[in-house]
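# Overview (structure and organization)
Okay, here's what each chain looks like letter by letter:
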Amino acid sequence: MTISEPQTPKIPQGLGKKVLPYALLSPAVLVTLTIVFFPMIQAVWMSFHDYVLFRPKDISFVGLKNFITAFNDEVFWISLRHTIVWIGITVPAQLFLGLCTALLLNQKFFWRPIARALIIIPWALPSVVIALMWVWIYDSNYGILNDLLLRANILKTAIPWLADPDTALYAIILTLTWQGFPFFAVMILAGLQSIPTSYYEAASIDGASNFRQFWHITLPGISGVVFTAVLLRIIWVANSIDVIFVMTGGGPGYATYTLPLYAFIKARTGLDFGYGSAIAVLFAIMLLSVVAIYLRRVSRDIS
Amino acid sequence: MMVKKHSQLRRIVFIHLPMLAIVAFALGPYLWMVATSVTKESLLFTEGPSFSGMTIENYLRLFKTVGFHKNLVHSLIIACGTVVVGLTLSVTAAYAFSRFSFRGQKILLLQFLLINMFPIVLLILPLFILMKNLGLIDTHLGLIIANSTIAIPFSVWMMTSYINGIPKSLDEAAMTDGCTRVGAMWRVVLPLCVPGIIATGIYIFITAWNEYLYALTLGGRNVRPITVAIQTLIGEYQVEWGLLTAGGIVGAMPATILFLIVQKRLVSGLTQGAVKG
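Residues numbered from 1 in each chain as written. Chains lettered and ligands numbered in written order. Predicted model: local features only at pLDDT ≥ 70, side-chain atom pairs only at ≥ 80, totals over all residues.

Before going further, it helps to spend a moment on the overall build of chain A. The number of helices and strands found in chain A is 13 helices and two strands. Over its C-alpha trace chain A gives a radius of gyration of 25 Å, far above what one expects of a compact globule, namely 19 Å for 303 residues. A principal-axis box enclosing the C-alpha atoms of chain A has dimensions of 70 × 70 × 45 Å. When each of the 303 residues of chain A is scored for burial, the buried share is 41%. Sequence separation of 24 or more characterises 69% of the internal contacts of chain A that already satisfy a separation of 6 or more. (Helix = DSSP H or I, 4+ residues; strand = E, 2+ residues; numbered from the N terminus. Rg over C-alpha atoms; globule rule 2.2 N^0.38 Å. Buried ≥ 20, exposed ≤ 12 C-beta atoms within 10 Å, placed from the backbone. Contact = placed C-beta atoms within 7 Å.)

If you look at soluble globular proteins, the nonpolar side chains tend to sit buried side by side. Core analysis: the biggest nonpolar cluster contains 167 residues, and Leu132(A), Ile188(A), Ile279(A) and Ala280(A) have the highest contact counts within it. Formed jointly, this core draws a minimum of three residues from each of two domains, domain 1 (2-58) and domain 2 (60-271) of chain B. Setting aside anything within four residues of it in sequence, one finds Ile279(A) in contact with Ala70(A), Phe76(A), Leu259(A), Tyr262(A), Ala263(A) and Lys266(A). (Core = buried A, V, L, I, M, F, W, Y, C linked by C-beta atoms within 7 Å. Domains from an automatic or database assignment.)

Residues and elements named next belong to chain B. Per-residue confidence for chain B gives a mean pLDDT of 84; residues scoring 70 or more make up 93%. The secondary structure element of chain B with the lowest average pLDDT is helix 2 (residues 41-44), at 76, and the one with the highest is helix 4 (residues 68-99), at 91. Low confidence marks residues 273-277, where pLDDT is under 50. Its contacts with residues over four positions away, or in another chain, come to 17 contacts. Two summary scores accompany this predicted model of the complex, namely pTM at 0.86 and ipTM at 0.86. (pLDDT = per-residue confidence, 0-100.)

Another point: unusual backbone geometry. For Asn153(A), which is not glycine, the phi dihedral falls at a positive 60°. In this fold, Asn153(A) is placed in the loop between helix 7 (144-151) and helix 8 (168-193). By the C-beta count within 10 Å, which is 7 here, Asn153(A) ends up exposed. The backbone phi angle of Asp138(B) is positive, close to 65°, even though this residue is not glycine. Among the residues examined, Asp138(B) registers 15 C-beta atoms within 10 Å and is labelled partly exposed.

All right, on to the domain arrangement of chain B then. Residues and elements named next belong to chain B. We note that the domain assignment places domain 1 (2-58) and domain 2 (60-271) within chain B. When each unit is reduced to the centre of its C-alpha atoms, the spacing between domain 1 and domain 2 is 33 Å. Each side of the interface is counted separately: domain 1 has ten residues, and domain 2 has eleven residues. Taken together, the elements giving at least two residues each to the side of domain 1 that touches domain 2 come down to helix 1 (2-37), helix 2 and helix 3 (57-64). Sorting elements by how many residues they give to the side of domain 1 that touches domain 2 places helix 1 first, with four residues. Here the residues of the side of domain 1 that touches domain 2 are counted per class, giving four nonpolar, four polar and two charged. (Nonpolar A, V, L, I, M, F, W, Y, C, P; charged D, E, K, R; others polar.)

Let us now look at helix 6 (residues 127-137) of chain A. With eleven of its eleven residues buried, helix 6 of chain A lies for the most part within the structure. Considered for burial, the residues of helix 6 of chain A that qualify are Ser127(A), Val128(A), Val129(A), Ile130(A), Ala131(A), Leu132(A), Met133(A), Trp134(A), Val135(A), Trp136(A) and Ile137(A).

In this section: the environment of Ile137(A). Turning to its location among the elements, Ile137(A) is positioned in helix 6. For Ile137(A), a count of 24 C-beta atoms within 10 Å corresponds to the buried category. Through-space distance from the C-alpha of Ile137(A) to that of Trp161(A) is 9.6 Å; in sequence the pair is 24 residues apart. Excluding residues within four positions of it along the chain, Ile137(A) makes contact with Gly143(A), Ile144(A), Leu145(A), Pro29(B) and Trp32(B).

With 25 residues, helix 7 (residues 140-164) of chain B should reach 36 Å at 1.5 Å per residue; the first-to-last C-alpha distance of 34 Å fits that figure. In terms of burial, helix 7 of chain B is largely enclosed, as 21 of its 25 residues are buried. (Expected span 1.5 Å × (residues − 1).)

A few words now on the interface of chain B and chain A. Listed as interface residues are 71 residues of chain B and, on the opposing side, 71 residues of chain A. Mapped by element, the contributors of at least two residues to the side of chain B that touches chain A are helix 1, helix 4, helix 5 (105-117), helix 6 (120-134), helix 7, helix 9 (181-210), helix 11 (226-236) and helix 12 (241-271) of chain B. At 14 residues, helix 12 of chain B tops the list of elements feeding residues into the side of chain B that touches chain A. Across the side of chain B that touches chain A, the residue classes break down as 50 nonpolar, 18 polar and three charged.

All names here are of chain B. In the contact formed by helix 7 and helix 9, the axes pass within 10 Å of each other and the chain directions differ by 150°. Judged on the interaxial angle alone, helix 9 and helix 7 are roughly antiparallel. Between helix 7 and helix 9 lies a crossing whose hand is right-handed. Each of Asn147, Ile150, Ala151, Phe154, Ser155, Met158, Met159, Tyr162 and Ile163 in helix 7 lies in contact with helix 9, whose residues at this interface are Val189, Cys193, Gly196, Thr200, Ile204, Thr207 and Ala208. Split into classes, the residues belonging to the contact of helix 7 with helix 9 amount to eleven nonpolar, five polar and no charged. (Axes fitted to C-alpha atoms, helices over the stretch in contact; angles between N-to-C directions. Parallel < 35°, antiparallel > 145°, perpendicular 65-115°, else oblique. Left-handed = near helix turned anticlockwise from the far one by under 90°.)

Laid out in structure tokens, this is it:
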């Protein structure tokens, strides 16, 4: 196959150089504007309207009514509290487990490659499958968790983990911890491997103990990666509703409602898109501070 | 001799055992699901799941009576479509970000990152209305478009970092040899990007395959991807855990295998912070 250079008419060099990057970018930017930014503006617009899906003729501007309703809505506050508990336990738990895993994977042992590949499995599975799997694990009659705890004499009677309002949220938190800790492990491991070994050699010559090496070399060396990972994880865990939705659908009662889930359920079952959007907007505003910190960090790096 | 034995013991206690515990924690639930799926339904509640006396009866039922293969095809079409859309739109954009400096570059690059940070609920409600107005509810195209909201930003970032790793001098050499800018991109940079394109494509495939909320909201009777099919199984076959777990294994299989293949390359994209989930 011969390739013949098409004789394109020469665009004046300066102008072509200026326009070309925008031309190359425009398809991606236009598509994201259409399918992401335009819909998001519409969501904000909806939040100021009485927008119920089965009454498409009857959409009226109601100002801040949806937001005021939210502030007077008990379920809104319950969901907000759960969201805070949800992030406040899940992210640190993932971080702790991920850090331990990364420190172990940074040692030399013969089955390290296998361990590293296997650790990632939870992260690769679809959330629906994860939810299904853990519902089965938590099953009150035949689930393995009750079985193990009964056999170890830790429990006297089986606990219906997901049907009990006191345990349901924490049971799902454990599931999400399981799903997300490999992310921390992989990221922290990358951070660990970027620390020059000469630092440790110098430290051991100076007689620093293992703990002091960890404290003065390892921790400062990975702090940047850890901070970035925590920000990303807060955002992601906060947004994550698929596992909860499949495992409990928010129940029993409102025991496992988080804010985005509440917005989703409001719109999905109540078809109240106005109110659902209002909750989603409020939630996005709360998350914005974390997003802003993250974007600042990234923009500092790309400059 | 004593010292060596001692340190051997230390390694077992401080490295091998904890690592084994973590691997068991990571893998245990999955293995438990595998064991359940190969246990005869009649034995499941009397003897419990076990690998002895393995049966594929659950898997056969999954395809014969439940019709799982149709859902697999739907997921395949959607995931491949998303890969095509995501890659075609992002490769040229990534080239522009990597090779030019222009007004608004940083903002434009950051806006792609911003997209993935926003709550999916905020997007899912207006997208539903948009698709309804366009008549795209319950179509493959509708779900491909929806999944592209995740795929495009991700692949722009991933490809930009990949192209950054290809020396600029190659483009310049091509251009002094008479190639145009676009020619240099097409003939020199693009062929060198193939490994990056493949990794990005595979990651898009996995995300689109595993996606659930869009599939649930924008799918329907005609187009029901595998994730929704699994969730429907939970409702329909409540206590038939053998069948349910078999569905889970089959549904997770393509993504799991692909993930293990590309996991190393993904780390670079990860540390760039572009990966969601």
